[in-house]
Every structure is written in structure tokens, then in C-alpha cells.
Amino acid sequence: MDDNKFTDLKKGVQEIIDLIGARNAQEANNKLVDVSEVLDELLDYSDDDEDLIEISKYQVLLNQLQQSILALNGQA
């Protein structure tokens, strides 16, 4: 797997975290959808065990970020 894809994912996740920190739930959710689509595409085309493990870590992280966004929406 191209490490550049994981670098792009990492940057996308950091943008989501920054948007959550700025209490911008709508933009954070939009970015989460974009990053999730990239992650799904990687999952579709990957068969290397190490890549699948890395992808699963990002899936868990994105689920946690989604929960944070939902909590942020509840506070708005």
C-alpha cells in the first residue's frame, strides 16, 4: 500500500479534530464523510494484512470522531 494514502488519511483526520476543536460540527461532519469514503476505497482494494490492520485502526478512530461530532451537535 502506498504510504502516501495513509499520510493523506492522517491529514484528513487531523482536520476533523481541528474542526471539532473549533466547534464546527457541520464542517467536521463533511470532512468525516470525505475521509470515510477514502478509507472505504482503500478497504475495497487492499488485501495486505498490514494495510487492513491500519485501515481498521482508522475505522475505529473515525467512529470515535463521529461520536464527538454528535456530542458537539447535542451541545449546540
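Residues numbered from 1 in each chain as written. Predicted model: local features only at pLDDT ≥ 70, side-chain atom pairs only at ≥ 80, totals over all residues. Heavy atoms only, no water.

A. Focus on unusual backbone geometry. In the Ramachandran plot, R23 falls in the positive-phi region, its phi being about 60 degrees despite a non-glycine side chain. In this structure, R23 sits in the loop between α1 (3-21) and α2 (25-45). For R23, a relative accessible area of 59% puts it in the exposed group. (Helix = DSSP H or I, 4+ residues; strand = E, 2+ residues; numbered from the N terminus. Buried < 20%, exposed > 50% of the residue type's maximum accessible area, 1.4 Å probe, protein only.)

B. Quick peek at the packing of aromatic side chains. All chains considered together, the criterion is met by 1 aromatic pair. Ring centres of F6 and Y58 lie 6.1 Å apart, and the angle between their planes is 15 degrees; on these two criteria the pair is classed as stacked. With F6 in helix α1 and Y58 in helix α3 (residues 49-75), the pair connects residues that are 52 residues apart, well separated along the chain. For the pair F6 and Y58, a shared accessibility class is recorded, and that class is buried. (Phe/Tyr/Trp six-rings, centres within 6.5 Å; stacked < 30°, edge-to-face > 60°.)

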